[in-house]
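# Chain and residue survey
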Amino acid sequence: MKQIVLTTYFLLFSIIMLGQTTVEVSGKVVDNDTGIPIPGVNIIEKGTTNGTMTDFDGNFVLEAPANATLVISYLGYTTQEININNRSEIDIALQQGAAALDEVVVVGYGTQKRESLTGALETVGGTELRDITSPSVENMLNGKAPGVYVAPGSGQPGSRGGVVIRGQATLSGTTSPLWVVDGVIIGSDAGEMDPDDIESITILKDAASTAIYGSQGANGVIVVTTKRAKMGETTVSLSSNIGFNELTNGNLEMMNGTELYDYYASFSNSDQISFPRWNSDLRNSNFDWWNLATRNGFTQDINVSVQGGSETLRSYLSLGLYDEQGAVKGYDYTRYNFRLNTEYRPTEWLTIKPSLTGSLRDVEDRQYSTTAMYSNLPWDSPYDDEGNLVSHRSSSWVNSASTNYLYDLQWNHSSNKNYQFMGNMDFDIKLTNWLTFSSVNSYRYTHYKANGYTDPRSNGGESVGGRITDYRSESTRRYTNQILRFDQTWSKHDLQGLIAYEFNDYLGASLDAYGTGFIPGFEVLDVVAKPERTKGGISEWAVQSVLFNTNYAYDRKYLAQISFRRDGASNFGENAKYGNFFSVSGGWNIHTEKWFRAKQIDALKLRAAYGSVGNRPTSLYPQYDLYSVSSGASYNEQPGALISQIGNNDLTWEKTYTSGIGVDATAFKNRLRFTFDYYIKNTENILYRVPITGLTGVTSIWQNIGEMQNKGFEFGLGGDVIQNENLIWSLDLNLGHNTNELTQLYKTKDANGNYIVRPIIISDGLGIAGSAQRMLEPGRPVDTYYLKEWAGVNSENGLPLWYQVERDDEGNELSRTTTSNYSEATYEKTGKVSPDLFGGFSTAINYKQFDLSAMFGFAIGGKIYNYSRQEYDSDGTYTDRNQMKLRPDWSRWEKPGDIATHPIARYNNQDKANAPSTRFLEDGDFLKLRSLTLGYNVPTSILSIDNLRVSLSGENLFVITDYSGVDPEIPAGSGGAIMGSTGPGVYPSTRKYMFGLNVSF
């Protein structure tokens, strides 16, 4: 009996072991239509976490039970299931086509299949961002999406760009879009995010996409999805880019000693030159301040990530380092990043998604003067004959009233550190097959500290015995969103939606302390003899919202979407505390109609949308009458208070109503891609600080003052020109066009008591006396320059000319004459800042293991006010700074009859030729090669790694432009403001040469 039992157990065990026999399966995955290998295809043993990915040649190897089923999936292809059936070799052909329409796209508060989208949005993959090396995600979007204009940061390490989507929709607030990272609203910039952690970016542009964000979506929304771990074996990846950078000076060339001497000698009144050292020896004095301050900077950008896990628990961990030495000496920027994204699924109905991110930005600043690089005279050297630094206002200098900044840099320096941490505890609860509850909960903490040291022996410290500064600020931002999602399908109907409550608040505090008088070398406030200043403050705000969104599709043909949001904000009074925002949109998948017979067309969709978004004032408490309790309000060392603001309890939400239509199409099995959008954005109740009489001590009050309109179109076209087994060549183009018009402005009383509209004259945002000004007037763009109009040079006497225009009461021109008297010239409405057309185009070639890609950016139309020419092209007005060379198409007036671009040059010229006028208003057209990359994927068949790629790249290699300044892409101002002007000491952009290494195993 025992033998029978043992025999039975043995047979059962043998059967079980036979069923569990494993085999090593190898094979190749290719495109069904072209036969081209597909790298990165996921191959998973069904029901397990056992899996692998294809290498660059489409090959894979996997151990699995002989009777297991493999699930083969890749974005844009139909997922297949194949039974191994005891085979050791399996070749797989994936089918393209409709599966591309099933691609899931991240949108506001969720995801949607691309086929069901009714809004205008653009998706940029994480790998598409990495063609340039920058710590700023904003800079990486430049030229990547139609309708998205990016003013890059300057060449200074860490400089952040400014982003404008579909034109400027406000006057006083930020023009930057809202940034949302993994479902958390973080503000008007991307923060200190490591670009290597980004899986994809979705840019939401129209009302159908942005209305769900209500009062925070007026400038568009950028949704960032970071990388999450994939099921399977643990994968370690290394991304490294190392290289050097150098300054690019564009078309601006400054004079050397010989050229400057000859220029002065050519003055019509050269006999009046009063420099103490004015003699011909200056022709041989030629100190190069540019070379003194510049160097080849070093850049390294390294990221290491580890990911993997099971269906129950998987994690993604990354560590990043970005380090850059500025191409201007003395400025070093370092940033450290970490990210931990985890997903834990203890049961089928619960998923917990904790995450933690952090960064440290560290800046050491002993930077050489960018202004001195251009302005200091080449006749003056910072060193004496023995190589020692000369002191300030040296008698050995021609410009003996100037300072030698190198003398101060022996001691003076500053530094700052910024710590940023954000933790999330998110979870999803699957209530039923069609109903899910999601909770997003985030806490963000930022701590910033800055220190400055000004030595008692330096120019800035000698009058006060030196100065030590210490600044601290910290802020917290809490965010929570509780969402109930539903997804129900029956027959030909598909209904999705959500309802949610959201709360977001901010608390910030700062402390700013100065002290003077100390012994050189001490750098703490304890040692100062006099506390010079102590300031500090607290600011806080809160927003709460309820929102609803639903999407409906019938038979995959007819699409509809409705969204509604109600926001309440702390910086509105009780009369307008809450605002309502909405959108309605629809779509028609024409290619799904039975009568549609164009076989070459894979997808053809028509979209339309209408809705509203909003904006809030930049001030925290504009609804209240405020008094300032400060040192400025004290008397005889007794505290006091002065009125500082007149409140407006009726101030209401600035709203933008957007309507638009769009067309999306793909053809020839997704080898050709096309999108087109046309939109009109009408903004009403514009928020603005209106000037008032200063009798009360208050000079402005917040009001809703008018309306404006933006309208334009966006166009995108891409395709694979060649696609075969060995070669793929693709081309992509995107462009945007936007026109802005101020349509209404508030009225004021004239002398007769009638209400009229008066134009408002504003600055260009540069903050420099004597710079260009702009005008706000109905019927014109809000970035219109208001300047005296340059009429050229009088050919008889070489004097400058401006136009003197006479107009009637309606503004119609009656006559136009010229004058050489600057004060008699009339101000005119001239060009605008924003370009008429902007965008980018790219090309990529993949040949076997090699790849070559190039990215170009361009802009046409738009004006730049080149303020630096007022300083460096001054016709002899300024004798204490160097001057720029005349460009090849410029000429200087010398004798009667000369037709010249530049007037007569005189020592201490008082002709006002360099006063603000359209003389310095230049075209901003350009074509720039943003990046060029050559890569090679090393065959890994003989290596124990999954992927190895090496690359060489160049960034900002050339620009074609007529702009006479450093760069036609003017750096964004503080807060990402788009300027259109730049000062005399602009930090030039840099050209980078990088070596890249990407490896995973």
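### Describing the overall build of the protein chain
Along its length, the protein chain carries nine helices and 54 strands. For 1001 residues, the compact-globule estimate of 2.2 N^0.38 gives 30 Å, and the protein chain sits close to it at 32 Å. Expressed as lengths along the three principal axes of its C-alpha atoms, the size of the protein chain is roughly 125 × 75 × 65 Å. Every one of the 1001 residues in the protein chain was classed for burial, and the buried ones make up 51%. Long-range contacts, defined here as pairs at least 24 residues apart, represent 68% of the contacts in the protein chain between residues at least 6 apart. Looking at the protein chain as shown, the accessible area adds up to about 44,900 Å², and 53% of this sits on carbon and sulfur atoms. Distance between charge centroids for the protein chain: 4 Å, based on 84 positive and 112 negative side chains.

### A word on the nonpolar core
Grouped together as the largest cluster of nonpolar side chains are 43 residues, with contacts concentrated most on Tyr109, Ile201, Ile203, Tyr213 and Ile222. Excluding residues within four positions of it along the chain, Ile203 makes contact with Ala120, Leu121, Glu122, Val124, Leu141, Ala145, Val148, Ile165, Val221 and Ile222. Among the nonpolar cores identified, the runner-up in size contains 23 residues, and Leu247, Ala293, Tyr872 and Trp890 belong to it.

### Considering the confidence of the model for the protein chain
Per-chain confidence: the protein chain averages 90 in pLDDT, with 96% of residues scoring 70 or above. Element-level pLDDT for the protein chain is lowest in helix H1 (residues 2-19), with a mean of 38, against a maximum mean of 97 in strand E43 (residues 790-793). Within the model, the stretch residues 1-20 combines pLDDT values under 50 with one contact to residues more than four positions away or in other chains.

### Observations concerning the pattern of salt bridges
Counted by the stated rule, this structure contains 55 salt bridges. Here Asp470 makes a salt bridge to Arg472, at a shortest N to O gap of 2.3 Å. One salt bridge connects Arg949 with Asp851, and the closest N-O pair in it is separated by 2.6 Å. Linking Arg949 in strand E52 (residues 947-960) with Asp851 in strand E48 (residues 850-860), this pair joins segments that are 98 residues apart in sequence. Classification of Asp851 as buried rests on a relative accessible area of 11%. Three or more residues joined by partner-sharing salt bridges are found here, namely Arg869, Asp873, Asp875, Arg892, Arg919 and Glu922.

### Brief notes about unusual backbone geometry
The phi dihedral of Asp555 is positive, around 55°, even though this residue is not glycine. Looking at the secondary structure, you find Asp555 in the loop between strand E26 (530-554) and strand E27 (558-569).

### Some points on the side chain of Thr516
When you line up the elements, Thr516 lands in strand E25 (residues 493-516). In this structure, Thr516 is in contact with Val464, Gly466, Arg467, Val528, Ala529, Lys530 and Glu532, ignoring residues within four places of it in sequence.

### Topic: the sheet that holds strand E53 (residues 981-982)
Reading across from one edge, E50-E49-E53 is the order of the three strands in this open sheet, with mixed pairing throughout. Edge positions in the sheet fall to strand E50 (921-923) and E53, since each of these pairs with one other strand and no more.

### Notes on the sheet that holds strand E3 (residues 51-53)
One key point about sheets: their strands pair by backbone hydrogen bonds, in either a parallel or an antiparallel sense. As summarised here, the arrangement of the four strands in space is E3-E2-E5-E6, forming an open sheet in which the pairing is antiparallel. Bordering the open sheet on either side are E3 and strand E6 (80-83), each of which pairs with just one other strand. Between one strand and the next, the sheet's axes are offset by a mean angle of 20°, whatever the strand orientation. Sheet topology note: the strand E5 (residues 69-73)/E6 ladder contains four bridges and is antiparallel. Within E6, the position partnered with Leu70 by the bridge is Ile82.

### Some remarks on the pairing of strand E44 (residues 800-807)
Bridge count for E43 against E44 is three bridges, and the pairing is antiparallel. When the bridges of E44 are listed, Val793 appears paired with Pro800. Linking two consecutive strands that pair antiparallel, namely E43 and E44, is a turn of six residues; a positive phi of about 75° is found at Gly798 within it. When E44 meets strand E45 (residues 813-819), the two strands line up antiparallel, connected through six bridges. Bridge assignment links Val805 to a residue of E45, and that residue is Arg816. Count of turn residues in the E44/E45 antiparallel hairpin: five residues, of which Gly811 carries a positive phi of about 90°.

### Details of the packing of aromatic side chains
Taken as a whole and assessed by the stated rule, the structure comprises 44 aromatic pairs. Relative to Tyr213, the ring of Tyr109 has its centre 4.8 Å away and its plane inclined at 25°; by these criteria the two rings are stacked. With Tyr109 in the loop between strand E8 (104-107) and strand E9 (110-113) and Tyr213 in the loop between helix H4 (207-210) and strand E16 (221-226), this pair connects stretches of sequence that are 104 residues apart. Judged by its relative accessible area of 7%, Tyr109 falls in the buried class. Judged by its relative accessible area of 2%, Tyr213 is buried. Consider the rings of Tyr264 and Trp379, whose centres lie 5.5 Å apart with planes at 65°: the pair is edge-to-face.

### A look at the environment of Asp898
Along the chain, the position of Asp898 falls in the loop between helix H9 (867-872) and E50. Residue classification places Asp898 among the buried positions, given a relative accessible area of 16%. Sequence spacing of Asp898 and Tyr514 is 384 residues, and the spatial spacing of their C-alpha atoms is 57 Å. Residues in contact with Asp898, not counting those within four places in the same chain, are Ser795, Arg892 and Trp893. For Asp898, the side chain forms a polar contact with the main-chain nitrogen of Glu894, separated by 3.0 Å. Only 2.9 Å separates the side chain of Asp898 from the backbone nitrogen of Lys895, close enough to count as a polar contact.

### Considering helix H5 (residues 257-265)
Of all the positions in H5, only Gly257, Leu260, Tyr261, Tyr263 and Tyr264 are classed as buried. Along the long axis of H5, the arc covered by the buried residues comes to 160°, so they all point the same way. Its side-chain oxygen at 3.2 Å from the backbone nitrogen of Thr258, Asn256 defines the N-terminal cap of H5.

Quick notes on the rules
- Residues numbered from 1 in each chain as written.
- Predicted model: local features only at pLDDT ≥ 70, side-chain atom pairs only at ≥ 80, totals over all residues.
- Heavy atoms only, no water.
- Helix = DSSP H or I, 4+ residues; strand = E, 2+ residues; numbered from the N terminus.
- Rg over C-alpha atoms; globule rule 2.2 N^0.38 Å.
- Buried < 20%, exposed > 50% of the residue type's maximum accessible area, 1.4 Å probe, protein only.
- Contact = heavy atoms within 4.5 Å.
- Areas by Shrake-Rupley, 256 points an atom, 1.4 Å probe, with all protein chains shown as cover.
- Lys, Arg positive; Asp, Glu negative; His and termini not counted.
- Charge placed at Lys NZ, Arg CZ, Asp CG, Glu CD.
- Core = buried A, V, L, I, M, F, W, Y, C linked by side-chain atoms within 4.5 Å.
- pLDDT = per-residue confidence, 0-100.
- Salt bridge = Lys/Arg side-chain N within 4 Å of Asp/Glu carboxyl O.
- Pairing = 2+ DSSP bridges.
- Axes fitted to C-alpha atoms, helices over the stretch in contact; angles between N-to-C directions.
- Phe/Tyr/Trp six-rings, centres within 6.5 Å; stacked < 30°, edge-to-face > 60°.
- Polar contact = N/O pair within 3.5 Å; in protein donor to acceptor, adjacent residues only side chain to side chain.
- Arc of directions from axis to C-beta.

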